[in-house]
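Letter by letter, the chains look like this.
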Amino acid sequence: MTSFRVFHEWAKAYGPVYRVRFLWRPVVVVTDPDLYQPLLRSGPAKLQKYTAPYKMFEVFVKPPRSNMLSSAETPVWKAARRAAVAALTMNNLRLCFPHITAVSQRLIDSLAAAGPDAVHDVDLLAQQITVDVIGMAAFGRDLEATVRRPQQQQQESSAGSNSTASSSKQGSSSGGGGSGRGISGRGGEVLEVMRHLVVAMQARNNPLNRWLPWRKAPRDLMYWGGRMSDLVLDLTADMEAAPPPPHSLGAHMLAARLQGSGEPLERLQVMTELGVLWGAGFETTAHTICWTLLLVATHPAVEAALLAELAGLGLAASPEAPQPGQIKWEHLAQLRYLSAVINESMRLYPVVSSGTIRITHKPMRLGPYSLPAGQPVLIPFFSIHRSPRLWQDPDEFRPERWLAGEEAAAAAAAAAAAAAAGQTAAAAGTGSASSGPDESAAEGEAPAPAAAAATPAVVDDDYVDVAADISAMRDQLPQEQRQQQRQQQQQQDTSKGSKGQLGTSRVPVQQQDAAPAAAAKPGGSGLEIKDPSVSRRGFLPFSEGSRNCVGQALALVELKAVLALLLGNFAFRLAPEMGGLAGVDADARQAITLRPEHGMLMSLRHRSSAS
Ligand code: HEM
């Protein structure tokens, strides 16, 4: 059994707090929100990151040095994090949006040309898109991984005609299904390097590989880390020769300054930060796209409801309208059912399944337990997302749980109507777009990113709060005004009893849902959560607090845009040799991120052709 499932089984067997021993080192594992929230959020109980296990993420650049993911909260970390947050505001993401849609469309066109008999590894397709997106967002460069060469198409056709379970599994050993297959240029090289690198990084968790450097895994780590470093060096040099657009991560990182001294970051530090943003930014988003496609493909009612929503906005192809309309930034706010689908997919398959690991800096109490100083504490996201204590029917894929009652009923009705009328009618726009246009989403307003309701607006420390910026579009406001808003919000929350949960008093899970959803916040445009089974406190795809995902705004915009485009154009169907949903689920492995170990083969029927 793979590690993320083992932790889940242990949580079921031993309860929400237990201790495991990794060799001689005891680690406390916590899955109770009352206990882990204070550890993640600002306050007296907040724990620092346990940086030792993150050291392996320093191989992205040579010589290795701390980066945003692996570092403690130092002044350099702060400067880099501020720069990343400033680069990923909604205003800037809006400028990235045309590239996101262009690279997706580029791939869609070649997939349509490949025809319905071709079988594709959709995990690899998703990586092609996300590599191109992060290439532009970070370095302002089109890496062209979505430019498909004849070789790749040829291989897919032959996979379609003679693929078997064993041949597909041999052909792709680490997920990603064998990148480099006709994907040329720097984009192809990145995919190839990362495919090997994540396997070597995962192998490093085996202590033998840490202590015996002549073994294959450590040597692989050195080799592929070196290749990645060369790529980052190459792109940085490029970027210096021809500066990237001012809204890019690269431009912001070059302009980053240390607080106090006002010194810029060293060149190597800039490279290190861009390397980690790059590495952290494409794999995670790609596998999330892949898991979402799997769940939609295997749940026809969900697919029908989603198609009705897309069709209502003119974003679905059909025999009557073979070309769907152009997706616009404003559509993102209106795709509410898609948001629910993405949230639910991230709940079932959180790509950072292992969670986050922290360390106590002094003796402390954790509920009824005493922890010594220097105690590692693991908060495992997969276990939490599947916990029967926090979720009703935790293993079921039910996007409706993220919608308010009326919306959920309307989505169900749309699904039933679409199913009765056949997908053609829905795609032609005759199906009722139940979760359709959001009247409140005026032209130019921020999109409602998928998990806006699920990423609590943490107000702490003096770092810039990513989640708050996403849900409330505060990036348009001057810093002072934002600070004021935060204080007001904090007061409101405290008076409603929804914040200040720094104690360990137990609140029944059902009561926790009284916490206001992001929709209730000023300017908030998230989904309101009404289903009592939904506890935002048990949903951590991007983690929480000052070390939450700095790239989540980009990820959410990308997920929505790419999935709307892919699903509006194609009906995805799992290839028979994948063994259905159960087969792919059994193939889920954690190689740094949660992925289908042997890729995910699917056929794609363009929706303009009759089913
Ligand atoms: C669906 C997509 C994504 C998911 C689910 C995700 C999830 C996460 C999680 C759970 C963490 C905390 C890790 C820990 O504490 O061990 C994290 C941190 C981080 N993520 Fe993401 N991420 C995604 C996309 C991105 C993107 C697109 C970028 C870059 C543009 C990015 C960059 C980072 C960085 C740099 C950190 C470290 C932040 C810090 O410690 O200050 N991620 N991510």
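All of these numbers come straight from a predicted model, not from anything done at the bench.

### Focus on the coordination of the iron atom of the ligand
Counting protein donors to the iron atom of the ligand gives just one, Cys549 (SG), placed at 2.3 Å. Tracing the backbone through its elements, the reader meets Cys549 in the loop between α21 (509-512) and α22 (552-569).

### A look at the site of the ligand
If you check the shell around the ligand, you find 29 residues, and the closest are Tyr54, Arg81, Thr356, Arg547 and Cys549. The separation between an oxygen atom of the ligand and a polar side-chain atom of Trp77 is 3.0 Å. For the ligand, an oxygen atom lies 2.9 Å from a polar atom in the side chain of Arg547. Within the residue set of the shell around the ligand, elements represented by two or more residues are α3 (75-87), α12 (267-297), β5 (356-359) and α22. It is α12 that provides the largest number of residues to the shell around the ligand, a total of six residues.

### A few points about the nonpolar core
Formed by 159 residues in total, the largest nonpolar core has its most connected members in Met253, Trp278 and Phe572. Here this core gets 16 residues from one element, more than from any other, and that element is α12.

### Things to note about the packing of aromatic side chains
The tally for this structure, following the rule as stated, stands at 12 aromatic pairs. Both rings, one in Phe97 and one in Trp329, keep their centres 5.6 Å apart while their planes meet at 75°; by these two values the pair is edge-to-face. With Phe97 in helix α4 (residues 90-114) and Trp329 in helix α14 (residues 329-334), the pair connects residues that are 232 residues apart, well separated along the chain. For the pair shown, Phe97 and Trp329 are each scored as buried. With 4.2 Å between their ring centres and 10° between their planes, Trp291 and Tyr349 make a pair best called stacked. Here Tyr349 lies in the loop between α15 (336-348) and β5 and Trp291 lies in helix α12, a separation of 58 residues in the sequence. As far as burial versus exposure is concerned, Trp291 and Tyr349 are alike and both buried. Put simply, the rings of Phe7, Trp10, Tyr14 and Tyr18 pair up and form one aromatic cluster. The ring of Tyr54 has Lys49 lying over it, and the distance from NZ or CZ to the ring centre is 4.3 Å. Sitting above the plane of the Tyr349 ring, Arg386 keeps its charged end 5.4 Å from the centroid.

### Remarks on the environment of Gln259
Structurally, the position occupied by Gln259 is in the loop between α11 (249-255) and α12. The spatial distance from the C-alpha of Gln259 to the C-alpha of Lys78 is 8.3 Å, given a sequence separation of 181 residues.

### Examining the environment of Leu88
Following the sequence through the fold, Leu88 ends up in the loop between α3 and α4. Residues Leu88 and Ser248, 160 residues apart in the sequence, show an inter-C-alpha distance of 8.1 Å.

### Quick look at the pattern of salt bridges
Per the stated rule, a full pass over the model turns up 25 salt bridges. A salt bridge links Arg398 to Asp393; the shortest N-O distance between them is 3.6 Å. By relative accessible area, Arg398 is classed as partly exposed at 23%. Residue classification places Asp393 among the partly exposed residues on the basis of a relative accessible area of 41%. Here Glu396 ties to Arg398 by a salt bridge, and the two come within 3.8 Å at their closest N and O atoms. By sharing partners, the salt bridges in this structure join Arg141, Arg186, Asp234 and Asp238 into a single network.

### Remarks on the packing of α4 against α22
Between α4 and α22, whose axes approach to 10 Å, the crossing angle comes to 30°. Classed by the angle they form, the pair α4 and α22 counts as roughly parallel. Between α4 and α22 the crossing geometry is right-handed. Residues Met90, Leu93, Phe97, Ile100, Thr101, Ser104, Gln105 and Ile108 of α4 lie in contact with α22, whose contacting residues are Ala553, Leu554, Val557, Glu558, Ala561, Val562, Leu565, Leu566 and Asn569. Residue composition of the contact of α4 with α22, grouped by class: 12 nonpolar, four polar and one charged.

Definitions and limits used
Residues numbered from 1 in each chain as written. Predicted model: local features only at pLDDT ≥ 70, side-chain atom pairs only at ≥ 80, totals over all residues. Heavy atoms only, no water. Donors = N, O, S within 2.8 Å, 3.2 Å for Na, K, Ca; no water. Helix = DSSP H or I, 4+ residues; strand = E, 2+ residues; numbered from the N terminus. Near = heavy atom within 4 Å. Polar contact = N/O pair within 3.5 Å; in protein donor to acceptor, adjacent residues only side chain to side chain. Core = buried A, V, L, I, M, F, W, Y, C linked by side-chain atoms within 4.5 Å. Buried < 20%, exposed > 50% of the residue type's maximum accessible area, 1.4 Å probe, protein only. Phe/Tyr/Trp six-rings, centres within 6.5 Å; stacked < 30°, edge-to-face > 60°. Lys NZ or Arg CZ within 6 Å of the ring centre and 35° of its normal. Salt bridge = Lys/Arg side-chain N within 4 Å of Asp/Glu carboxyl O. Axes fitted to C-alpha atoms, helices over the stretch in contact; angles between N-to-C directions. Parallel < 35°, antiparallel > 145°, perpendicular 65-115°, else oblique. Left-handed = near helix turned anticlockwise from the far one by under 90°. Contact = heavy atoms within 4.5 Å. Nonpolar A, V, L, I, M, F, W, Y, C, P; charged D, E, K, R; others polar.

In short, geometric facts, not functional conclusions.
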